[in-house]
Every structure is written in C-alpha cells, then in structure tokens.
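In case you want the letters, here they are:
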Amino acid sequence: MKSRICGTGSALPGKEVTNDDLSKVLETSDEWIKSRTGICSRHLAVEETLTELTAEAAEKALQQAGIRPEELELIISATLSADKILPSLSCELQRELGAVNAAAFDINAACSGFLFALQTADAYIKSGQYQKILVTGGEILSKLMDWNDRSTCVLFGDGAGAVVVKADETDGILGSIQGSDGARGDVLSCENRRNNNPYTANEKALSYVYMNGQEVYKFAVRTVPKAICAAVEKAGFQIEEIDLFLIHQANIRIIEAVSKRLGVSMDKFPTNLQKCGNISAGSVPILLDYVNRKGMLHKGDKIVLAGFGAGLSWGASVLTW
Ligand code: UT7
C-alpha cells in the first residue's frame, strides 16, 4: 500500500513585508538580502494565529481531496512555533476543523518537520492502521526572531501548508530517507522557556533563534544531494527520471548548489522563497500547494520532496503524483 497526496492547501498572513520595508527598521538592504538569499519579501503574522493559518490550509487541502473532516483518522502537525505549548497545534486544529474522529499530535523536526511528519503518516498507512491522514507544516517564526539580529530575522517568514494523504494501490510515496546529527545542533538553536521553580536562580533574558549561517549552508549543500540520491535509489528511479525537486526554501544559493551537485537543471527546482522567505516546516507543503495549483503536477509525475535544518536534521521522499 502506498500513501498518496490527494489534496494540498496553504495560507500566508495578510501582511507582506519587502526587503525595502525591512531596510527602514534594520541596517540592511534589498541588494544584500536578494544577492545572498534570493528572498525579496515575506509574509509576517500580525493578527493571525498559527492555528488559523493551518486550519485555512487544511480546509483547502480537504476540499481538494474531497474528504470531510470527520473522515480523518489522524492529524500530524509539524511545527516548532505552535501557538501554545499545550494543547498541541494538531489538537487545536482538530477542534477547528471538527475532525472529531482523528487522533492528533505534533512533530518538531524544524525545517525537516514536514518530511518527518509525512514519513510518519506513510508508516501508519503502510502498517494498515490508518487510511486518511492530514499532515500539516507551518510556522510563525517571526515571534522567535531577534529583530535586532539582521543576519537571521531577514531570512524567515510565516505561513502554513497542508496535505491530505490517503492509502492508494497505485501512486504515492515510494522511498524515503531521514537523518539527524544532534552533535552539531548548536549551529541553529533557540532555547525554550527556562526553569523558574523557587530553587533556581534564573535571570537570563528571553532566547531567540541563533544561527551560524555559514555552517548551516555547508551542512545543507553536503547533505541534501546525498539524501536525495539515497531516496531516489530506494524508490527504484534514476535522478534523470525525476520530474520535479521541491526542496526546503531556505536560500536560492543552496538550491542552485544542490541542482549543480545532482547535475539537474534549475528548471526542475521550482521556488517560491522570493515571496515567502524561509518558513521552516511550512516551506515544502506551501511550495507543493503552489506548484499543484499552478497545474505543474500531472498524474504519475515523479517528485522529490526534501527538507533540512535545525537538529541538525534532514529528510527526503520520492513519490509519484
Ligand atoms: O532552514 C535552514 C536555515 N538556514 C539556512 O539555510 C542558512 C544558510 N546560510 C545562509 O543562507 C547564509 O550563510 C546567510 C544568508 C545567512 C549569510 O550569508 P553569508 O554570505 O554567509 O554572510 P555572512 O554571515 O558571512 O555575513 C557577511 C557580511 C557581514 O559583514 P562583515 O562582517 O563582512 O562586515 C555581516 O555583518 O554581511 C553582514 N550582514 C548583513 N548585511 C546587510 C549580515 N546580515 C546582513 C543583512 N544586511 N541582513
């Protein structure tokens, strides 16, 4: 049995912030951001919650799949920036959607989160436990940024994507790879709230996302091509047979380096980072929805999805559409 994506959806906050807008509040420039990353603008949540954005994305995916919320058996939400520590985003989503028959839990694998969640859904479907699963990926990363640190805050954006995954005899996920390297985790990190029980003396200020950009860059260009090759081989295909590569939208230079290392033209790497920035767990499902709704996916197409980021962590899946 295979896990087929039969519906996609996405939602971005209403406020679009261009590089020029940022240059009015930070010492940065459109030229620096665009030339180093390819990013031109991003959407930042002002009024919206992550639950609202994810519910909007999920409703679109369910509608496209022709599945009612009550038919869902499981909801897996990938995020590192849920609105609350408790309850989980997936439980909030279950309530919002009225998916009363679904179990729900969250996964935090940072920018690989959507891939890890999709692969978990695939394992449930292969085991025969569930047939209809909602998988989401989304973030409001702007609340975790230090808006005085121009080297990180200009890179990220907010938004959510969702897919409905169904058991299918013919098409779906054929091969997956995932990996982690916790020993190198300190190059991209963000501390949670600290212990403040009466026996501690904790006076440290709030923590924000810290990133050693160059180390993350090196990790990405070395690891992602290898992960993609391993997943493609597992699926029983050759790299040349793949129609589209949808990879985590962190930086256009990383995507260009991956395309070069794989010997595949950039035409097969659609991007939307120009208008979205890096949305961590939201980036791959939002891009997938974008290409799907543009009519770029055809039945039987061979597609690679890949994510990488904090942990360190990485994941790639190969599927037929
Ligand atoms: O989901 C995974 C997420 N992370 C990534 O994918 C990040 C991967 N890394 C990268 O994309 C790049 O390393 C960055 C885009 C983050 C940075 O590019 P870089 O070429 O590695 O720049 P850098 O950090 O070496 O900084 C170069 C200069 C520095 O100035 P000096 O020391 O040379 O005078 C920075 O202070 O650029 C300066 N700088 C900025 N200037 C204008 C850093 N941020 C900015 C900024 N605007 N926003």
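Preceding this paragraph is the structure being described.
Residues numbered from 1 in each chain as written. Predicted model: local features only at pLDDT ≥ 70, side-chain atom pairs only at ≥ 80, totals over all residues. Heavy atoms only, no water.

Glancing now at the environment of Leu174. Within the element layout of this structure, Leu174 appears in strand E8 (residues 173-180). As a C-alpha pair, Leu174 and Met1 span 173 residues in sequence and 9.9 Å in three-dimensional space. If sequence neighbours within four positions are ignored, Leu174 has contacts with Lys2, Lys234, Ala235, Phe237, Val318, Leu319 and Thr320. (Helix = DSSP H or I, 4+ residues; strand = E, 2+ residues; numbered from the N terminus. Contact = heavy atoms within 4.5 Å.)

What follows is about the site of the ligand. Inspection of the region around the ligand gives 21 residues, with Thr28, Arg36, Gln214, His248 and Asn251 positioned closest. Residue Arg150 places a main-chain N or O atom 2.9 Å away from a nitrogen atom belonging to the ligand. Look at the ligand: alone it shows 960 Å² of surface, and the protein chains cover 72% of it. Put simply, the parts of the chain that give the shell around the ligand at least two residues each are helix H2 (30-37), helix H6 (150-153), helix H7 (213-235) and helix H8 (252-262). (Near = heavy atom within 4 Å. Polar contact = N/O pair within 3.5 Å; in protein donor to acceptor, adjacent residues only side chain to side chain. Areas by Shrake-Rupley, 256 points an atom, 1.4 Å probe, with all protein chains shown as cover.)

Spatial ordering of the open sheet is given by E8-E13-E12-E11, a layout of four strands whose pairing is mixed. Of all strands in the sheet, those with a lone pairing partner are E8 and strand E11 (244-247), marking the two edges. This sheet shows a mean twist of 10 degrees between the axes of neighbouring strands, independent of strand direction. In this structure, E8 lies alongside strand E13 (residues 313-320), joined through seven bridges in antiparallel fashion. (Pairing = 2+ DSSP bridges. Axes fitted to C-alpha atoms, helices over the stretch in contact; angles between N-to-C directions.)

Burial along E11 is two-sided: Leu244 and Leu246 facing one way and Phe245 and Ile247 facing the other are all buried. In the sheet, E11 pairs with strand E12 (residues 302-309) via four bridges, with the strands oriented parallel. Within E12, the position partnered with Phe245 by the bridge is Val304. (Buried < 20%, exposed > 50% of the residue type's maximum accessible area, 1.4 Å probe, protein only.)

Moving on, we come to the packing of aromatic side chains. Inspection of the entire model under this criterion finds four aromatic pairs. On the numbers, 6.5 Å between centres and 55 degrees between planes, the contact of Phe105 with Tyr124 is tilted. With Phe105 in strand E5 (residues 103-107) and Tyr124 in helix H5 (residues 113-127), the pair connects residues that are 19 residues apart, well separated along the chain. Pairing Tyr124 with Tyr130 gives two aromatic rings, centres 5.2 Å apart and planes at 50 degrees, and the pair type is tilted. Accessibility expressed as a relative area gives 16% for Tyr130, which makes it buried. Ring-pair connections join several aromatic residues into one group, and the members of that group are Phe105, Tyr124 and Tyr130. (Phe/Tyr/Trp six-rings, centres within 6.5 Å; stacked < 30°, edge-to-face > 60°.)

Here we take up the side chain of Asp158. Its location among the elements puts Asp158 in strand E7 (residues 158-168). The buried charged residue Asp158 lacks any salt bridge partner; its closest oppositely charged side chain belongs to Lys143, at an N-O distance of 8.6 Å. The residues touching Asp158, leaving out its near neighbours within four places in the chain, are Leu12, Pro13, His43, Leu44, Ala45, Glu139, Ile140, Leu141, Ser142 and Ile279. (Lys, Arg positive; Asp, Glu negative; His and termini not counted. Salt bridge = Lys/Arg side-chain N within 4 Å of Asp/Glu carboxyl O.)

For strand E1 (residues 2-11), a buried count of eight out of 10 residues is recorded, marking the element as mostly surrounded by other parts of the structure. Relative to E7, E1 runs antiparallel, the two sharing nine bridges. Of the residues in E7, the one forming a bridge with Gly9 is Ala162.

All we've got here are geometric facts, nothing functional implied.
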